[in-house]
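Coordinate analysis (summary)
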Amino acid sequence: MREPPDRIYVAEGLRHILQELSAIERSVEHDLPGRPAPYTDVDEPWDGPEFRVETVSDNSMHTVVGISARRGPGPVPTDPGAPDEDEAAILRATVRAFLDLADIGSERASTTVVLTERGPRVVSCRLGSGATVFARERRPATG
């Protein structure tokens, strides 16, 4: 049986994975034809509908057990409403890929994702009853 990981190292690992995921997203966006040059991590606004995705992982198989809206699109919180079928599929795929990258084997997780104009962004993740790890401070859109 696997020993439970040290929570401090897990939090550091999650933060590192979140930062790498953000860099990969920007790189892919830059390579797509017709897409503008990617924002830097500091400049990119993370505005859009925000969702919390609850998962249970067992033997590295991640099951989404709930998706709840946290806020609507734009910098000012609005009534978020439920995700449509396409948004739910994007949220499930994004969170499962993130948990795979983080090598989560058997754990409950609560992951926050914002659906921005440039694609989904994993904002934070909390494993079990541990501390929430943030990718970065969310910045409002400018102009």
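Before any of the text, the structure's been laid out above.
Residues numbered from 1 in each chain as written. Predicted model: local features only at pLDDT ≥ 70, side-chain atom pairs only at ≥ 80, totals over all residues. Heavy atoms only, no water.

Its 17 residues place the ends of helix H2 (residues 85–101) 24 Å apart at the C-alpha level, agreeing with the 24 Å of an ideal helix rising 1.5 Å per residue. Those residues of H2 that fall on the buried side of the exposure criterion are Ala88, Leu91, Thr94, Val95, Phe98 and Leu99. End-on view of H2: buried residues confined to an arc of 135 degrees, all on one side of the axis. Those residues of H2 that are exposed and angled more than 90 degrees off the buried face are Glu85 and Asp86. Its side-chain oxygen placed 3.1 Å from the backbone nitrogen of Asp86, Asp84 serves as the N-cap of H2. Residue Asp103 follows H2 closely and has a positive phi angle near 55 degrees. (Helix = DSSP H or I, 4+ residues; strand = E, 2+ residues; numbered from the N terminus. Expected span 1.5 Å × (residues − 1). Buried < 20%, exposed > 50% of the residue type's maximum accessible area, 1.4 Å probe, protein only. Arc of directions from axis to C-beta. Polar contact = N/O pair within 3.5 Å; in protein donor to acceptor, adjacent residues only side chain to side chain.)

This brings us to the environment of Ala82. One can find Ala82 in the loop between strand S2 (61–71) and H2. C-alpha separation for the pair Ala82 and Ser68, spaced 14 residues apart in sequence, amounts to 6.9 Å. Beyond its immediate sequence surroundings of up to four residues, Ala82 is in contact with Phe51 and Glu87. (Contact = heavy atoms within 4.5 Å.)

Turning our eyes to something else, we now look at unusual backbone geometry. Most peptide bonds adopt trans geometry, and most residues besides glycine take a negative phi value. A positive phi angle, near 55 degrees, is found at Asn59, a position not held by glycine. Structurally, Asn59 can be placed in the loop between strand S1 (50–58) and S2. Phi at Ser60 is positive, roughly 65 degrees, even though this residue is not glycine. Note that Ser60 resides in the loop between S1 and S2.

Time to look at the nonpolar core. Most often, soluble globular proteins keep nonpolar side chains buried together rather than apart. If you look at the biggest cluster of nonpolar residues, it comprises 23 residues, and the most contacted ones within it are Leu14 and Phe98. Of all elements in the fold, only helix H1 (7–31), S1, H2, strand S3 (107–116) and strand S4 (119–127) reach the threshold of two or more residues within this core. (Core = buried A, V, L, I, M, F, W, Y, C linked by side-chain atoms within 4.5 Å.)

In this section: the sheet that holds strand S5 (residues 132–134). Hydrogen bonds along the backbone pair up the strands of a sheet, which may run parallel or antiparallel. Taking strand neighbours across the sheet as the criterion, the five strands line up as S2-S1-S3-S4-S5 in an open arrangement whose pairing is antiparallel. Single-partner strands in this sheet number two, and they are S2 and S5. Across the sheet, the mean angle from the axis of one strand to that of its neighbour is 25 degrees, orientation sign disregarded. Bridge analysis of S1 against S3 gives eight bridges, and the strand direction is antiparallel. Looking across to S3, one finds that Glu50 is bridged to Val114. (Pairing = 2+ DSSP bridges. Axes fitted to C-alpha atoms, helices over the stretch in contact; angles between N-to-C directions.)

The pairing of S1 with S2 spans nine bridges and is classified as antiparallel. Directly across from Val56, in S2, lies its bridge partner Thr63. Once S1 ends, the chain turns through two residues before running back antiparallel as S2, passing Asn59 with a positive phi of about 55 degrees.

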